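Residue-level listing of the chains:
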Amino acid sequence: MSEPVLRVLAAHPPGPGRREFLGRSLTALAWLGLCGCSDPSRRSLNIFNYSNYIAPDTVSRFRAQTGIAVVYDEFSSQDVLFAKLKLGAGYDLVVASDYMLRRLLRQQLLAPLDDFAHRDGMMERFRHPPWDPDLRFSVPYLWGTTGIGYNRRRVQGVPDSWNALWDPACRGHITMLDEKRDTLGASLIRLGHSGNSVSRAELEAASRALEEQKPLVKQYTNDYIDGLARNEIWLALAWSGDVARARASNPDVDYVLPREGSFVFVDSWCVPREAPHPREAIAFLNYLMQPEPLAQVTNATGFPSTLAGARRRVRADLLENPLGYPPQDMLDRTVFQADLGPGERLWDQVWDQLKFRSGPDAPQGPS
Amino acid sequence: MSPMEPASSGSRRIASRWVGLLLVAPFLLYVLTFLILPLASVVVLSTHQVNDQYHVEPAWTLDNYRRVLDPDNLPILLRSARYAGLTSFFCLLAGYPLAWFIARHGGRHKPVLLLLVMLPFWTSYLVRIFSWMTLLQTEGLLNGALLGLGVIHEPLALLNTPFSVVLGLTYGFLPFATLPLYVALERLDGTLLEAAADLGARPATTFWKVVFPLSLPGVVAGGLLTFVPAMGDFVTPEILGGVDTLMIGNLIQQQFLASYDWPFGSALSLVLMGLMLVSILAFLKLVGSAESLA
């Protein structure tokens, strides 16, 4: 589902807020009772995951096996996840990207996962991530890369440089991600800077480049799978698994990691510190993080999982394609998105400025 | 019994006062809980600040308002006003003949026709806006039809443009203009039209000299009922819009749901509310004096 739908539909009322003031001001919202009201005698679980990031029958199979009722909600941007968690939205299990995980850990918003059973099967790469070396608070789930999804029939040659996204020949058929870390990050890397820069000058240069690109761009959106599949979008700043999904219905769609370098990400399950049902959350993880259910997730979403044993059961076309499991020399050109610390505010400001306050309506001339 | 009467009517008067108060109590409680209190907390929140750890903390500052008044915000405000104004205009333009037809020619089918006007509300607004995507996209129905008929030779870029945003808003808010116009036109005395015709006025003259002035309250109500929600809308530009068609509602939503800058978002909302209130009051005063002149 798309982001606006989720923003509207996933409006869970906050539980006891981290800050009493916010909690009180939102009591009115809570009264609307948009929550999946829980019957104390029944075991239940509230999951908050990226959209398109699970197999269609994962939840129902889990329910059949354990009898635990699941309220399943989706978001399409990490920023939305963070805003919801800060409000104490009552989720038991959420999926956080690496940099967001660092922030959540730094703010001590997560609960330890001592009863999780399947750490040993993890791919070596993900066993000891720098942000959570012993995987005490997080369970790496799916991973992938940020690159360029493109339509081989509409785009000349292989767009293996970020410059391809600035190609005037594709005017009106280019989309960028509505996620500041990827869109500003790709622009930074294209200009030869670190994708995790917190230098104001570098960020503003990256933003100016995106500004120049705007007339070519159709939309800033995380909803591009369908557009790629229908030949509506020719070039997309995209996440690898999404492109795999588009490719499944349109063989003209392909994916490339630009030679200047890019981002690799791993998304992990974690349990918010104030989760009402932490035991059910662990039960879900113990069910999901096994070869069979995870291979189903990979086959459905196009994103490879972190569990080494799941690989054998994955669809062949995903295994062979760099989309699914990119070769090492490609991975060597990628970095994780770092926690920006206080620099995040700067990114927010530059992003807001780019998204809302510029363009043809803005006063022209040097500012 | 007669000596008792004054006392009893007095107590009845007191009792009726209590009954009156009791009758409005639910409404007062509603307004207090769902309007005054939330609004007050937004006002308080707008003086707070977000620190580097993403904690919203009291700062008792007007800094957020300074940020709102930054001239950089003017373009998006003007753009939103332009889209909302166009939406109102097109809603009235499309709603007027529709309301006229239902009011004057609906006959016994009026209730059914009115129901049809409101029927779209039975489906989620999001679903309806998404369906516009399939109509407007490059390989969509509209482009397909135009290409097939030979009207155009290259598909038109309809989606993700100011056009598609205003179209979506107009489509979404059309009933809000139609219904007040219907009420105004329904009330119109048919003998006035006959009188105008008898006195030699042509249909166009009758419309501009008789019908339109009398329907003005409906026009004003319909215009406001479409302008206000269109101004604050964020779903339509998010789905149907492109890179430079986002509206002030998107900026506010971004502060609350993505940037986690509630204080700035609150200040933005309050300034927007204030601006709308002032301009609506000014507009109503203008219309009022125009009407009294006429």
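Residues numbered from 1 in each chain as written. Chains lettered and ligands numbered in written order. Predicted model: local features only at pLDDT ≥ 70, side-chain atom pairs only at ≥ 80, totals over all residues. Heavy atoms only, no water.

Engineer: Mind showing me how you'd approach the overall build of chain A here?
Structural biologist: The number of helices and strands found in chain A is 16 helices and 11 strands. Here chain A, with 367 residues, has 62% of them falling under the buried criterion. (Helix = DSSP H or I, 4+ residues; strand = E, 2+ residues; numbered from the N terminus. Buried < 20%, exposed > 50% of the residue type's maximum accessible area, 1.4 Å probe, protein only.)

Engineer: Whenever I open this one, a nonpolar patch on the surface confuses me. Can you help?
Structural biologist: All names here are of chain B. Residues Val112, Leu115, Leu116, Met118, Leu119, Phe121, Trp122, Phe176 and Leu225 make up a contiguous nonpolar surface patch of roughly 850 Å² in combined accessible area. Here the nonpolar patch takes 4 residues from helix H4 (residues 110-118), the largest share from any one element. Positionally, valine 112 belongs in helix H4. Since its relative accessible area comes to 48%, valine 112 is described here as partly exposed. (Patch = residues over 30% accessible without salt bridge, like charges linked within 9 Å, V, L, I, M, F, W, Y side chains within 5 Å. Areas by Shrake-Rupley, 256 points an atom, 1.4 Å probe, with all protein chains shown as cover. Salt bridge = Lys/Arg side-chain N within 4 Å of Asp/Glu carboxyl O.)

Engineer: Would you explain the domain arrangement of chain A in this entry?
Structural biologist: Note on interface size: it is often stated as the accessible area lost on association of the parts. All names here are of chain A. Looking at the assigned domains, one finds that chain A contains domain 1 (28-142 + 265-318) and domain 2 (144-263 + 324-356). Placing a centre on the C-alpha atoms of domain 1 and another on those of domain 2 gives a separation of 26 Å. On the domain 2 side, the residues contacting the 24 residues of domain 1 number 25 residues. With both chains or domains summed, domain 1 and domain 2 bury close to 2,300 Å², and 52% of this area falls on carbon and sulfur atoms. The interface formed by domain 1 and domain 2 holds 3 salt bridges in total. (Domains from an automatic or database assignment. Contact = heavy atoms within 4.5 Å. Buried area = accessible area lost by both parts, 1.4 Å probe.)

Engineer: For this particular structure, what's the right way to read the pairing of strand E5 (residues 139-151) of chain A?
Structural biologist: Put simply, side chains in a regular strand alternate between the two faces of the sheet. Residues and elements named next belong to chain A. A large share of E5 lies buried, amounting to 13 of its 13 residues. Pairing analysis gives 6 bridges linking E5 to strand E10 (residues 262-272), with the strands arranged antiparallel. Looking at the pairing, valine 139 lines up with tryptophan 269 of E10. Bridge count between E5 and strand E8 (residues 235-239): 5 bridges; the pairing is antiparallel. Across the sheet, residue glycine 147 finds its bridge partner in E8, namely alanine 238. (Pairing = 2+ DSSP bridges.)

Engineer: Explain the environment of histidine 118 of chain A to me, please; I cannot follow it from the model alone.
Structural biologist: Residue and element names in this part refer to chain A. You can see histidine 118 is positioned in the loop between strand E4 (110-111) and helix H7 (124-127). When the C-alpha atoms of histidine 118 and glutamine 290 are compared, they prove to be 7.5 Å apart, with 172 residues separating the residues in sequence. In contact with histidine 118, other than residues within four places in its own chain, are Leu285, Asn286, Met289, Gln290 and Leu307.

Engineer: Is there a simple way to explain the interface of chain A and chain B in this structure?
Structural biologist: Contact with chain A, which involves 50 residues of that partner, is made by 48 residues of chain B. Summed over both sides, the interface between chain A and chain B buries roughly 4,500 Å², with carbon and sulfur atoms accounting for 55% of that surface. The interface formed by chain A and chain B holds 2 salt bridges in total. Aspartate 261 of chain B serves as the salt-bridge partner of arginine 345 of chain A, at 3.6 Å between the closest nitrogen and oxygen. Counting every contact that joins chain A to chain B gives 15 residue pairs in polar contact (both at pLDDT 80 or more). (Polar contact = N/O pair within 3.5 Å; in protein donor to acceptor, adjacent residues only side chain to side chain.)

Engineer: Help me out: how do you make sense of the confidence of the model for chain B in this one?
Structural biologist: In low-pLDDT regions, the fine details of the predicted coordinates are not to be read closely. The predicted model of chain B averages 90 in pLDDT, with 95% of residues at 70 or higher. Scoring of the predicted complex yields 0.82 for pTM and 0.81 for ipTM. (pLDDT = per-residue confidence, 0-100.)

Engineer: How should I be thinking about helix H6 (residues 98-106) of chain A in this particular structure?
Structural biologist: Count 3.6 residues to each turn of an α-helix, and residues three or four apart come out pointing the same way. All names here are of chain A. Extensive coverage of H6 is indicated by the burial of 7 of its 9 residues. Among all positions of H6, only Asp98, Tyr99, Met100, Leu101, Arg103, Leu104 and Leu105 are buried. Residues of H6 that are buried in the fold lie against helix H5 (78-86), strand E3 (93-97), E4, helix H8 (180-190), E10 and helix H16 (343-356). Phi turns positive one or two residues past the end of H6, at glutamine 108, with a value near 55°.

Engineer: Could you clarify how one ought to interpret helix H11 (residues 240-249) of chain A in this entry?
Structural biologist: Buried within H11 of chain A we find Ser240, Gly241, Asp242, Val243, Ala244 and Ala246 of chain A. In the core, the buried residues of H11 of chain A are packed alongside E5, helix H10 (225-229), E8, strand E9 (253-256), helix H13 (291-301) and helix H14 (316-320) of chain A.

Engineer: Quick question: what am I supposed to make of unusual backbone geometry here?
Structural biologist: Glycine aside, residues mostly have negative phi, and peptide bonds are mostly found in the trans state. Residues other than glycine seldom take positive phi values, yet asparagine 231 of chain A does so here, at roughly 65°. In this structure, asparagine 231 of chain A sits in the loop between H10 and E8. For tryptophan 60 of chain B, which is not glycine, the phi dihedral falls at a positive 45°. Within the element layout of this structure, tryptophan 60 of chain B appears in the loop between strand E2 (56-58) and helix H2 (63-68).

Engineer: What am I meant to see in the pattern of salt bridges here?
Structural biologist: Oppositely charged side chains may form a pair once their charged atoms are brought near each other. The full count for this structure, using the stated rule, is 26 salt bridges over all chains. One salt bridge in this structure joins arginine 106 of chain A and aspartate 339 of chain A, with 2.4 Å as the shortest N-O distance. Of the two residues, arginine 106 of chain A is situated in helix H6 and aspartate 339 of chain A in the loop between strand E11 (334-335) and H16; the sequence distance between them amounts to 233 residues. Salt-bridge contacts for arginine 66 of chain B lead to aspartate 63 of chain B; the nearest nitrogen and oxygen are separated by 2.8 Å. Pair noted here: arginine 66 of chain B and aspartate 63 of chain B are both in helix H2, with a separation of 3 residues, about one helical turn. Under the relative-accessibility criterion, aspartate 63 of chain B is labelled partly exposed at 30%. Beyond isolated ion pairs, a larger network of salt bridges with shared partners links Asp79, Arg103, Lys180, Glu344 and Asp348 of chain A.

Engineer: Can you help me understand the side chain of serine 97 of chain A in this one?
Structural biologist: Residues and elements named next belong to chain A. Inspection of the secondary structure puts serine 97 in strand E3. Judged by its relative accessible area of 6%, serine 97 is buried. What serine 97 contacts, discounting residues up to four positions off in sequence, is Tyr50, Gln78, Val266 and Asp267.

Engineer: Looking at this model, I keep getting lost on the side chain of threonine 145 of chain A. Mind explaining?
Structural biologist: Relative to the assigned elements, threonine 145 of chain A resides in strand E5. The exposure class assigned to threonine 145 of chain A is buried, which follows from its relative accessible area of 0%.

Engineer: I would appreciate a short explanation of the nonpolar core in the present structure.
Structural biologist: Buried together is how nonpolar side chains tend to be arranged in soluble globular proteins. Of all hydrophobic cores here, the largest spans 123 residues; its most connected members are Tyr141, Leu165, Trp269, Phe284, Leu288 and Met289 of chain A. Per element, the largest residue contribution to this core is 7 residues, and it comes from E10 of chain A. Each of domain 1 (28-142 + 265-318) and domain 2 (144-263 + 324-356) of chain A accounts for three or more of the residues forming this core. Membership of the second largest hydrophobic core comes to 36 residues, among which are Leu92, Phe173, Ala177 and Phe264 of chain B. (Core = buried A, V, L, I, M, F, W, Y, C linked by side-chain atoms within 4.5 Å.)

Engineer: Would you explain the environment of arginine 345 of chain A in this entry?
Structural biologist: In this structure, arginine 345 of chain A sits in helix H16. Residue class for arginine 345 of chain A comes out buried when judged on its relative accessible area of 16%. Taking C-alpha positions, arginine 345 of chain A is 35 Å from proline 322 of chain A, a pair spaced 23 residues apart along the chain. With residues up to four places along the chain from it excluded, the contact list for arginine 345 of chain A reads Val50, Asp52, Tyr54, Ser259, Tyr260 and Asp261 of chain B.

Engineer: Just to check I follow, could you spell out the packing of helix H5 (residues 125-136) of chain B against helix H7 (residues 162-187) of chain B for this structure?
Structural biologist: The angle between the axes and the distance between the axes are what describe a pair of packed helices. All names here are of chain B. Packing of H5 against H7 leaves a shortest axis separation of 11 Å and a crossing angle of 140°. One element, H5, and the other, H7, form an angle in the oblique class. Here H5 runs over H7; the crossing is right-handed. Between H5 and H7, the contacting residues are Tyr125, Arg128, Ile129, Trp132 and Leu136 on the first element and Ser164, Leu167, Gly168, Leu169, Tyr171 and Gly172 on the second. Looking at the contact of H5 with H7, its residues break down into 7 nonpolar, 3 polar and 1 charged. (Axes fitted to C-alpha atoms, helices over the stretch in contact; angles between N-to-C directions. Parallel < 35°, antiparallel > 145°, perpendicular 65-115°, else oblique. Left-handed = near helix turned anticlockwise from the far one by under 90°. Nonpolar A, V, L, I, M, F, W, Y, C, P; charged D, E, K, R; others polar.)

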